[in-house]
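Take a look at the letters that make up each chain.
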Amino acid sequence: MSAGRPSSRERGYTMKWEKARAVFLAQPGNQICRRCQAHGLLNAGNLRPNGSLQTNPKRMHLVVDHIVPHKQDQKLSWDHANWQPLCPDHHDITKQQKEHGKVRSGTGLDGRPLDPAHPWNQRPA
Ligand SMILES: [Zn+2]
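Residues numbered from 1 in each chain as written. Predicted model: local features only at pLDDT ≥ 70, side-chain atom pairs only at ≥ 80, totals over all residues. Heavy atoms only, no water.

### Looking at the overall build of the protein chain
The helix and strand inventory of the protein chain stands at 4 helices and 2 strands. Taking the principal axes of the C-alpha coordinates as reference, the protein chain spans close to 55 × 30 × 30 Å. The proportion of buried residues among the 125 residues of the protein chain is 33%. By sequence separation, contacts in the protein chain at least 24 residues apart represent 50% of the contacts at least 6 residues apart. Surface summary for the protein chain: the accessible area is close to 8400 Å², and the carbon and sulfur share equals 56%. When the 19 basic and 10 acidic side-chain charges of the protein chain are each reduced to a single mean position, those positions are 3 Å apart. (Helix = DSSP H or I, 4+ residues; strand = E, 2+ residues; numbered from the N terminus. Buried < 20%, exposed > 50% of the residue type's maximum accessible area, 1.4 Å probe, protein only. Contact = heavy atoms within 4.5 Å. Areas by Shrake-Rupley, 256 points an atom, 1.4 Å probe, with all protein chains shown as cover. Lys, Arg positive; Asp, Glu negative; His and termini not counted. Charge placed at Lys NZ, Arg CZ, Asp CG, Glu CD.)

Spelled out as C-alpha cells, the structure:
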C-alpha cells in the first residue's frame, strides 16, 4: 500500500460513510442538534449552542456523532441507533468529554448545564 494516497478500500469506506451520513441527516428528527434540542433550542446548524447565530460558514451544518465511541468496531460504527446529529460545537464538546472521560450531563438548579465546557458556561455573564 503506497503512503499518502488512500487505498480504494479507504475511499470506498469514506464514500459509504458520506452517503450514509447524508441520508441520516436528511431524516425527519435528525435535522436538529440533539444536545441543543435538549436545551429547547432548535438548531439546524444555523445557531450556536447559546442561541446566537452561527457566523462561521464552515460550521453551519450538523455532524453525525457516535454516541458510544466505536473504536473501529464496525458493528457499532454503522449502527444508526448509535448515531446522533450534533452541531459542530456540541460535537467538539462531546469529543473532548469522551477523550477526557469526564462527562458532566444535566443542568444545575439555575438551569445551566453542569458541564463547565458547555458553551453556555463560556458566555460572559
Ligand atoms: Zn448543539
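Once the structure has been displayed, the description carries forward.
### Some words on the pattern of salt bridges
Throughout the structure, instances matching the rule amount to 5 salt bridges. With a shortest N-O distance of 3.2 Å, R21 and E18 are connected by a salt bridge. One end of the pair is R21 and the other is E18, both in helix α1 (residues 8-26) and 3 residues apart, which spans about a single turn. A single salt-bridge network, built from bridges that share partners, covers R48, R59, D89 and D92. (Salt bridge = Lys/Arg side-chain N within 4 Å of Asp/Glu carboxyl O.)

### Details of the nonpolar core
C33, V64 and W83 are the most contacted members of the largest nonpolar core, which totals 15 residues. Only α1, β1 (63-66) and β2 (83-86) provide two or more residues apiece to this core. Top contributing element to this core by residue count: α1, with 4 residues. W83 has contacts with W17, A20, R21, F24, R34, V64, D65, H66, I67, S77 and W78, leaving out every residue within four places of it along the chain. (Core = buried A, V, L, I, M, F, W, Y, C linked by side-chain atoms within 4.5 Å.)

### Some remarks on the coordination of the zinc ion
Around the zinc ion, the protein contributes the donor atoms C33 (SG), C36 (SG), C87 (SG) and H90 (ND1), at 2.0 to 2.3 Å from the metal centre. Read in sequence order, the donor residues coordinating the zinc ion give the pattern C-x2-C-x50-C-x2-H. Here C87 lies in the loop between β2 and α4 (88-100) and C33 lies in the loop between α1 and α2 (34-38), a separation of 54 residues in the sequence. In this structure, C33 and C87 share a single accessibility class: buried. (Donors = N, O, S within 2.8 Å, 3.2 Å for Na, K, Ca; no water.)

### What about the pairing of β1?
Residue alternation in β1 divides its side chains into two sets, V63 and D65 and V64 and H66, and both sets are buried. As paired elements, β1 and β2 share 4 bridges and run antiparallel to each other. Bridge pairing in β2 links V64 to P85. (Pairing = 2+ DSSP bridges.)

### Describing unusual backbone geometry
In this structure, K71 is a non-glycine residue whose phi angle is positive, near 45°. Judged by its relative accessible area of 72%, K71 is exposed. With phi around 70°, Q72 is a residue other than glycine that occupies positive phi space. Within the secondary structure layout, Q72 lies in the loop between β1 and α3 (74-78).

### Some words on the UniProt feature "domain: HNH nuclease" (unreviewed entry) in the protein chain
Here the UniProt feature "domain: HNH nuclease" (unreviewed entry) sits at residues 19-92. End-to-end, the C-alpha atoms of residues 19-92 are 22 Å apart, and along that stretch the chain is 31% helix and 11% strand. (UniProt positions renumbered as here; feature names shortened; annotations may be inferred.)

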